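# Geometric and topological summary
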Amino acid sequence: LRSTRRMSSVQMLPAEPRPSASAKALLDPVIEGIRLGGLVELHGLSAAELQAYSEDINGSLGQVVAYDTSSDKFHVFLSCGTADHFHPKNVRAVQAPRRPGEGGGSDSFDVLVGPRSEGNVLGGEISTCLMEKGFCVLRICQSARLAQETLKTLQDMSSFGQLSRFPEEVEEGYLGMSCQGKVAWMDERNVSLRQDESLASNDANLSFLAQVLHPYSGDVLDGHLDSRTPGLVCLSVDSEQSAEMPPPEADDASLGSFLQTWRRSLVRAVHFLGPKTC
């Protein structure tokens, strides 16, 4: 994500996020002490009930999407990607979990983003985190199956030579400290990436995050955010894989593009898909 100065590759953002989000959140009903859209934890599922899932989901966190009065069950979308209906006895609200940088563990987060997340509320949460500690960790409810399909897509593209490396001088600047990877930009020319359901959804989510942060950007950032760069997809590589495809030599074009992008950057958003831990 970057500032208002424009390049030919920027994607302009809508003027405002969805309206009346906070007012709508206040009207959502509370059932069994649980608010729709709230953060919950699963517990007490029996061994027989767990056989329907690929892993033990007791202790998993998720967002309450709906309540089915006919079956007396909550529809919960878990952060691990599982979505199902659960009896109220197996669902409990999570009260003020410890956050990253504030005593939380390596798997902690600031905000859970799910199907019922409201724009204005989410933008306010993110801006508060940025103001107080300079970063915000989001846990996004996403399909584990789609993430695996995306990994397969990138591995196939790598095999066909459709991914490239950044020059060593700018690789960490784009990807982060000590990170090496094969990359591709998600622009209109890259049809394979844009046809991947998970990548297309997450790229749209990055635009949504920029959109909801826009009203607060003048207060918490060094300027107003109203455009973003195309998404950059990275397939991480280890030292052995890096040696098989070493970084190219830097030239004026690659160095100039990097400087032109990052010196006008207001905020960076990194979406980690897995499958390993971040």
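Residues numbered from 1 in each chain as written. Predicted model: local features only at pLDDT ≥ 70, side-chain atom pairs only at ≥ 80, totals over all residues. Heavy atoms only, no water.

Turning to the overall build of the protein chain, a few remarks are in order. A count of helical and extended segments in the protein chain gives nine helices and 13 strands. For the protein chain, the proportion of its 278 residues judged to be buried stands at 40%. Considering only intrachain contacts with a sequence separation of at least 6, the fraction spanning at least 24 residues in the protein chain is 69%. When the accessible surface of the protein chain is split by element, carbon and sulfur atoms take 50% of a total near 15700 Å². (Helix = DSSP H or I, 4+ residues; strand = E, 2+ residues; numbered from the N terminus. Buried < 20%, exposed > 50% of the residue type's maximum accessible area, 1.4 Å probe, protein only. Contact = heavy atoms within 4.5 Å. Areas by Shrake-Rupley, 256 points an atom, 1.4 Å probe, with all protein chains shown as cover.)

In this section: the nonpolar core. Counting residues in each nonpolar core, the largest one holds 17 residues, and the members touching the most others are Leu122, Ile126, Leu213, Leu221 and Leu225. Of the residues forming this core, the biggest block, seven residues, is contributed by helix α7 (residues 197-220). Every residue in contact with Leu122, bar those within four places of it in the chain, is listed here: Val111, Val113, Phe208, Leu209 and Val212. (Core = buried A, V, L, I, M, F, W, Y, C linked by side-chain atoms within 4.5 Å.)

Time to look at the pattern of salt bridges. All told, the structure shown has eight salt bridges when counted by the stated rule. Across the salt bridge formed by Arg99 and Glu125, the nearest N and O atoms sit 3.8 Å from each other. Here Arg99 is found in the loop between β8 (91-93) and β9 (111-113), whereas its partner Glu125 is found in helix α3 (residues 119-133), with 26 residues between them in sequence. Using a relative accessible area of 30% as the deciding quantity, one classes Glu125 as partly exposed. The partner of Asp156 in a salt bridge is Lys152, and the shortest N-O contact between them spans 2.9 Å. With a gap of four residues between them, Asp156 and Lys152 both fall in helix α4 (residues 144-159), about one helical turn apart. (Salt bridge = Lys/Arg side-chain N within 4 Å of Asp/Glu carboxyl O.)

Take the confidence of the model for the protein chain next. Averaged over every residue, the pLDDT of the protein chain is 85; residues scoring 70 or more account for 88%. A low-confidence stretch, residues 1-10 stays under pLDDT 50, and its non-local contacts, those more than four residues away or across chains, total 39 contacts. Within the model, pLDDT remains below 50 along residues 12-23, and this stretch shows 32 contacts once partners closer than five positions in the same chain are excluded. (pLDDT = per-residue confidence, 0-100.)

The subject of this paragraph is the environment of Gly134. Mapped onto the elements of the fold, Gly134 is located in the loop between α3 and β10 (138-140). Exposure remark for Gly134: the relative accessible area of 54% places this residue in the exposed category. It is 9.1 Å that separates the C-alpha atoms of Gly134 and Val220, two residues lying 86 residues apart in sequence.

Taken together, the side chains of Glu168, Glu169, Glu172 and Glu249 make up a negatively charged region of the molecular surface. Residue position: Glu169 is located in helix α5 (residues 168-175). With a relative accessible area of 54%, Glu169 lands in the exposed category. (Patch = residues over 30% accessible without salt bridge, like charges linked within 9 Å, V, L, I, M, F, W, Y side chains within 5 Å. Lys, Arg positive; Asp, Glu negative; His and termini not counted. Charge placed at Lys NZ, Arg CZ, Asp CG, Glu CD.)

Our focus in this paragraph is the sheet that holds strand β6 (residues 73-78). With antiparallel pairing, the five strands of this open sheet are ordered in space as β7-β6-β5-β4-β8. Each edge of the sheet is formed by a strand with only one pairing partner; in this case those strands are β7 (83-86) and β8. Each neighbouring strand pair of the sheet contributes to a mean axis angle of 45 degrees, computed without reference to strand direction. Of the pairings in the sheet, the one linking β6 to β7 comprises four bridges and is antiparallel in character. Within β7, the residue paired with Val76 across the bridge is Asp84. (Pairing = 2+ DSSP bridges. Axes fitted to C-alpha atoms, helices over the stretch in contact; angles between N-to-C directions.)

Before going further, it helps to spend a moment on the packing of aromatic side chains. Applying the stated rule across the entire model yields six aromatic pairs. Summarising the aromatic geometry, the rings of Phe166 and Tyr174 are spaced 4.1 Å apart at their centres and angled 15 degrees between planes, so their arrangement reads as stacked. On the basis of relative accessibility, which here comes to 10%, the residue Phe166 falls in the buried class. (Phe/Tyr/Trp six-rings, centres within 6.5 Å; stacked < 30°, edge-to-face > 60°.)

Within the fold, Arg228 resides in strand β12 (residues 227-228). Of the polar contacts made by the side chain of Arg228, one reaches the side chain of Asp203; its length is 2.8 Å. Polar contacts involving the side chain of Arg228 include one to the side chain of Ser207, which spans 2.9 Å. (Polar contact = N/O pair within 3.5 Å; in protein donor to acceptor, adjacent residues only side chain to side chain.)

Taken N-terminus to C-terminus, the directions of α5 and helix α9 (residues 252-262) make an angle of 25 degrees; their axes are 10 Å apart at the nearest point. Between α5 and α9, the interaxial angle falls into the category roughly parallel. α5 and α9 meet at a crossing whose hand is left-handed. Contacts between α5 and α9 involve Glu169, Val170, Gly173 and Tyr174 from the former and Leu255, Ser257, Phe258 and Trp262 from the latter. Looking at side-chain class alone, the contact of α5 with α9 contains five nonpolar, two polar and one charged residues. (Parallel < 35°, antiparallel > 145°, perpendicular 65-115°, else oblique. Left-handed = near helix turned anticlockwise from the far one by under 90°. Nonpolar A, V, L, I, M, F, W, Y, C, P; charged D, E, K, R; others polar.)

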